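Fold and geometry: a report
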Amino acid sequence: MVVGNISFVKDFVIVGFPGLQPHYYGLVSALLFFVYVCTVAGNAVFFVLFVMTKSLQKPVYYCIINLVVCDVLFSTTTLPKIISRYWFQDGTISFLGCFVQMFFVHYLGSVVSFVLALMAIDRYVAICYPLQYHRLMTNRNVLNLILGCWILGSACTLMLAIRAYHLPYCAENTIIHCYCDHVSITTLACTDRSLYSVPALISALAVLLGSLAVIVYSYCSIFVAVMRISSTRGRMKTFSTCSPQLIIIALFFLPRCFIYLSGNIGIKFNTDLRLVIIMMYSLLPPMINPLIYCLRTDEVKKVLRQFKKRKISISLLLL
């Protein structure tokens, strides 16, 4: 069959969890709505703190604020439709809308990978080359690198989305997933998808493993540098500056690596369990990350205490 935009499918239907019984639809939709509200509210709080507090406007927090933006955009891209699927029994998404959703799912995931690698580089320079940190990791340099993350993330993702859009879709239109992604869409194409799936897999692994390689190298170097510190207290203090980033990195990379590796070594899950794992590593980090920023970062905790004191002072004045 000649590949071209000869699609007979006008829209797609997002199935979600195929084994979920109808009497659980309300519970699942309420849970997903709760996750969405918590994600938006938590990230909005950190965004407001960042904008209003000059002491937070420095390299590492510029990276975090980009993670905040990515988390909110990803949740807004994926959750409303699956919530609608279970709340209103409306899982239909337009043909173009599905590809737009697919683009943002992969684009935002790529940007997060690159930004996490940049955060690791920031800690690497701060700990291994402290005297050069303020010269190398200026706000301007970091903002340019972040811009590069957004541009680089769009390049391959846009190409994959355009190539997938022009495949012929003339049979099934049901997507066994909670949102549109490259694999779930291209498996519905009426053609040999190997020419499209292999470049997509290579691109995904390059982004994921490339970023992970930078992170592993950075933190191995940090570990070696920290172990050279004679004071135990000094070592613990230095490690504590890395702990928020390490938790965020682990939440993002470990489940994804587990899914990729399990597929390659023959470990198989039923569809519902696989989707639960994917939804957990896709949606829980955006909800949990603001807590990590606020509870594991000394500067943010200090800002929150200052806001709390101001609120108490205003309340006393009003009394």
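Use the structure listed above.
All values derive from a computational prediction rather than experimental measurement. (Residues numbered from 1 in each chain as written. Predicted model: local features only at pLDDT ≥ 70, side-chain atom pairs only at ≥ 80, totals over all residues. Heavy atoms only, no water.)

1. Thoughts on the overall build of the chain
Scanning the chain for helices and strands turns up 10 helices and 3 strands. If you list the helices and strands of the chain from N to C, you get β-α-α-β-α-α-α-β-α-α-α-α-α. Its C-alpha radius of gyration of 22 Å places the chain within 12% of the 20 Å reference for a compact globule of 319 residues. Once the C-alpha set of the chain is aligned to its principal axes, its extents read approximately 65 × 55 × 35 Å. The buried share among the 319 residues of the chain stands at 45%. Considering only contacts within the chain whose residues lie at least 6 apart along the sequence, 81% involve residues at least 24 apart. Averaging the coordinates of the 25 positive side-chain charges in the chain and doing the same for the 10 negative ones gives two points 17 Å apart. (Helix = DSSP H or I, 4+ residues; strand = E, 2+ residues; numbered from the N terminus. Rg over C-alpha atoms; globule rule 2.2 N^0.38 Å. Buried < 20%, exposed > 50% of the residue type's maximum accessible area, 1.4 Å probe, protein only. Contact = heavy atoms within 4.5 Å. Lys, Arg positive; Asp, Glu negative; His and termini not counted. Charge placed at Lys NZ, Arg CZ, Asp CG, Glu CD.)

2. Quick word on a nonpolar patch on the surface
On the surface, Phe 47, Val 48, Val 51, Met 52, Val 69 and Leu 73 cluster together to form a nonpolar patch covering roughly 500 Å² of accessible area. Among the secondary structure elements, those contributing two or more residues to the nonpolar patch are helix H1 (25–52) and helix H2 (59–87). Tallying contributions element by element places H1 first for the nonpolar patch, with 4 residues. Within the secondary structure, Val 69 is located in helix H2. (Patch = residues over 30% accessible without salt bridge, like charges linked within 9 Å, V, L, I, M, F, W, Y side chains within 5 Å. Areas by Shrake-Rupley, 256 points an atom, 1.4 Å probe, with all protein chains shown as cover. Salt bridge = Lys/Arg side-chain N within 4 Å of Asp/Glu carboxyl O.)

3. Topic: the pairing of strand E1 (residues 11–14)
Across the two faces of E1 the burial differs, with Phe 12 and Ile 14 buried and Asp 11 and Val 13 not buried at all. Of the strand pairs in this sheet, E1 and strand E2 (residues 92–94) are connected by 3 bridges, and their pairing is antiparallel. Its bridge partner being in E2, Asp 11 is matched across the sheet by Ser 94. Bridge count for E1 against strand E3 (residues 174–175) is 2 bridges, and the pairing is parallel. Residue pairing across strands places Ile 14 opposite Ile 175, the latter belonging to E3. (Pairing = 2+ DSSP bridges.)

4. Thoughts on the state of the cysteines
Within the structure shown, the criterion is met by 1 disulfide. Linked covalently through their sulfurs, Cys 98 and Cys 180 form a disulfide whose S-S length is 2.0 Å. Residues Cys 98 and Cys 180 are joined by a disulfide whose S-S torsion is about -110°; by sign, that bridge is left-handed. Residue Cys 98 is located in helix H3 (residues 95–128), and its partner Cys 180 is located in the loop between E3 and helix H6 (182–186); the two are separated by 82 residues in the primary sequence. Note on Cys 180: relative accessible area 0%, which makes it buried. (Disulfide = S-S within 2.5 Å.)

5. Brief notes about the packing of H2 against H3
Two elements in contact, H2 and H3, have axes whose closest approach is 9 Å; the angle formed by their N-to-C orientations is 160°. The orientation of H2 relative to H3 falls into the category roughly antiparallel. Pair H2 / H3 crosses with left-handed handedness. Residues Pro 59, Val 60, Cys 63, Ile 64, Asn 66, Leu 67, Cys 70, Leu 73, Phe 74, Thr 77, Thr 78 and Lys 81 of H2 form the contact with H3, whose participating residues are Gln 101, Phe 104, Val 105, Leu 108, Val 111, Val 112, Val 115, Leu 116, Leu 118, Met 119 and Asp 122. Its residues assigned to classes, the contact of H2 with H3 shows 17 nonpolar, 4 polar and 2 charged. (Axes fitted to C-alpha atoms, helices over the stretch in contact; angles between N-to-C directions. Parallel < 35°, antiparallel > 145°, perpendicular 65-115°, else oblique. Left-handed = near helix turned anticlockwise from the far one by under 90°. Nonpolar A, V, L, I, M, F, W, Y, C, P; charged D, E, K, R; others polar.)

6. Things to note about empty space enclosed by the protein
Taken as a whole and judged by the stated rule, the model has 1 cavity of 30 Å³ or more. Lining the largest cavity, in full, are Leu 160, Arg 163, Ala 164, Leu 167, His 182, Thr 186 and Tyr 196. Looking at the lining of the largest cavity, the elements that each hand over two or more residues are helix H5 (139–165) and H6. It is H5 that provides the largest number of residues to the lining of the largest cavity, a total of 3 residues. Among the residues forming the lining of the largest cavity, the class breakdown is 4 nonpolar, 2 polar and 1 charged. (1 Å grid on protein atoms, 1.4 Å probe; cavity = no way out; pocket = protein on both sides within 12 Å on 5 of 7 lines; lining within 4 Å. Points joined across faces, edges and corners; volume = space filled by probe spheres on them.)

7. Description of the side chain of Ser 282
On the secondary structure map, Ser 282 appears in helix H9 (residues 271–295). Classification of Ser 282 as buried rests on a relative accessible area of 5%. Ignoring anything within four residues of it in the chain, the contact list for Ser 282 reads Phe 74, Tyr 179 and Arg 256.

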